[in-house]
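Below, each chain spelled out in residue letters.
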Amino acid sequence: MSVSASKTIHKRYFGPLMPGVFFVPYPNAYRPPFNAPADKASDQLIDYIENTLFARIVPPEEVAAFIFEPIQGEGGYVFPLEDFFPKLRKLADKYGFLLIDDEVQAGLGRTGKWFAIEHYNTQPDIITIAKGIASGMPMGAFIAREGLMDKWPMGAHANTFGGNPVAAAAALATLELIENELMENARVVGEYYLEKLKELQKDFEEIGDVRGKGLMIGIEFVKDRETKKYYPEFRDKVVLKSFQKGVLFLGCGPSALRIAPPLIITKEHVDIAVDVLAEAIKETREEIK
Ligand SMILES: Cc1ncc(COP(=O)(O)O)c(C=O)c1O
């Protein structure tokens, strides 16, 4: 709760939360922080961390870790500036803080690699995973490199349902499937999906951005491609209409639609989904005008 900045409703009436948590803007590639030009935005954000956050708000030697999503999920399927995480890694090494990579939504083969951070050539110190790890059975995991994990004394971390044998069996079977076929399927079908959506974007000016890696794909609706003004009412109608036509998409962030299908999806499924999406957008456009 303390380290999430997803929605205030999650935190409402839950305080006080853990002190000593600070936030910096996400290195959003579509809407770069500080309105900086895309090729300068990572440097500006790193500069903000070093010369504002560390100089005025928290001394760097007291920073334990940076926790981040490699690609934002609930925040709107927001993809990072390509060069940001390697720069953050350098900063972590310079000041001695850890990088905690939350792969709960993006990880485990969905993006065509085990972990989404692999697309950005960055080695985190800790990774968290859940959701896709056991195909719906309840399981989450915290993975840390040697040197960190062995600092926990035996029994320091315990809970009622941890180590549930049924969930563990489901996770082992799931990991095997991901390794043997589903990660590759996510990569191949995801590329096909993204291409089809980029084609669709040409027909609809309300689609401001289409972005994706593997089967983690976001579409952002905007009122105007120049100003990138959010268009949530358009997005909401498209999601509802698609649902009524039999395809389940889900909103995320202020104005984005997330495409996060099961990794078993085929190209034929994609064709159906994209046709439905096109129809839903057309109808929404007529209604909203
Ligand atoms: C990126 C991310 N981290 C963490 C969580 C919370 O995961 P859990 O419910 O397994 O604690 C979510 C849930 O949506 C998530 O998307």
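Residues numbered from 1 in each chain as written. Predicted model: local features only at pLDDT ≥ 70, side-chain atom pairs only at ≥ 80, totals over all residues. Heavy atoms only, no water.

Take the overall build of the protein next. Within the protein one finds five helices and eight strands. Of the regular secondary structure in the protein, the N- to C-terminal order runs α-β-α-β-β-β-α-β-β-α-β-β-α. Here the protein has a C-alpha radius of gyration of 20 Å; the compact-globule value for 289 residues is 19 Å, and the two agree. Its C-alpha atoms give the protein principal-axis dimensions of roughly 60 × 50 × 40 Å. Taking all 289 residues of the protein together, 44% fall into the buried category. Long-range contacts, defined here as pairs at least 24 residues apart, represent 65% of the contacts in the protein between residues at least 6 apart. Looking at the protein as shown, the accessible area adds up to about 16,000 Å², and 56% of this sits on carbon and sulfur atoms. Computing the positive centroid from 34 side-chain charges and the negative centroid from 41, the protein places the two 5 Å apart. (Helix = DSSP H or I, 4+ residues; strand = E, 2+ residues; numbered from the N terminus. Rg over C-alpha atoms; globule rule 2.2 N^0.38 Å. Buried < 20%, exposed > 50% of the residue type's maximum accessible area, 1.4 Å probe, protein only. Contact = heavy atoms within 4.5 Å. Areas by Shrake-Rupley, 256 points an atom, 1.4 Å probe, with all protein chains shown as cover. Lys, Arg positive; Asp, Glu negative; His and termini not counted. Charge placed at Lys NZ, Arg CZ, Asp CG, Glu CD.)

Time to look at the nonpolar core. In terms of nonpolar packing, the biggest core is built from 41 residues, with Ile-49, Phe-54, Phe-66, Phe-84, Phe-85, Leu-88 and Phe-97 touching the most fellow members. Those elements that place two or more of their residues in this core are helix H1 (38-57), strand E1 (65-68), helix H2 (84-95), strand E3 (126-129) and helix H3 (165-203). Ranked by residues supplied to this core, first place goes to H1 with six residues. Looking at which domains feed residues into this core, each of domain 1 (8-173) and domain 2 (182-288) gives three or more. Residue contacts for Phe-66: discarding those within four places in its chain leaves Val-24, Ile-49, Leu-53, Phe-54, Leu-88, Phe-97, Leu-98, Leu-99 and Ile-100. (Core = buried A, V, L, I, M, F, W, Y, C linked by side-chain atoms within 4.5 Å. Domains from an automatic or database assignment.)

Here we take up the packing of H1 against H2. One can describe the packing of H1 onto H2 by two numbers: an axis separation of 9 Å at closest approach and a directional angle of 30°. The angle between H1 and H2 places the two elements in the roughly parallel class. The handedness of the crossing between H1 and H2 is right-handed. Every residue of H2 that contacts H1 at Ser-42, Asp-43, Leu-45, Ile-46, Ile-49, Glu-50 and Phe-54 is listed here: Phe-84, Lys-87, Leu-88, Leu-91, Lys-94 and Tyr-95. Split by residue class, the contact of H1 with H2 holds eight nonpolar, one polar and four charged. (Axes fitted to C-alpha atoms, helices over the stretch in contact; angles between N-to-C directions. Parallel < 35°, antiparallel > 145°, perpendicular 65-115°, else oblique. Left-handed = near helix turned anticlockwise from the far one by under 90°. Nonpolar A, V, L, I, M, F, W, Y, C, P; charged D, E, K, R; others polar.)

This part covers the domain arrangement of the protein. Split by domain assignment, the protein resolves into domain 1 (8-173) and domain 2 (182-288). Taking the mean C-alpha position of each, domain 1 and domain 2 sit 26 Å from one another. On the domain 2 side, the residues contacting the 23 residues of domain 1 number 27 residues. Summed over both sides, the interface of domain 1 with domain 2 buries roughly 2,000 Å², with 59% coming from carbon and sulfur. Contact with domain 2 buries area across many residues of domain 1, yet Tyr-30, Tyr-77 and Arg-110 alone supply 42% of it, more than any other trio. At the boundary of domain 1 and domain 2, one finds two salt bridges. (Buried area = accessible area lost by both parts, 1.4 Å probe. Salt bridge = Lys/Arg side-chain N within 4 Å of Asp/Glu carboxyl O.)

What follows covers the sheet that holds strand E4 (residues 141-144). Sheet architecture is open: four strands sit in the order E1-E2-E3-E4, paired in mixed fashion. With partners counted over all chains shown, the strands left at the sheet margins are E1 and E4, one partner each. Taken over all neighbouring pairs, the strand axes of this sheet differ in orientation by 15° on average, direction set aside. Pairing of E3 with E4, which is carried by four bridges, proceeds in the antiparallel orientation. Within E4, the position partnered with Thr-128 by the bridge is Phe-142. (Pairing = 2+ DSSP bridges.)

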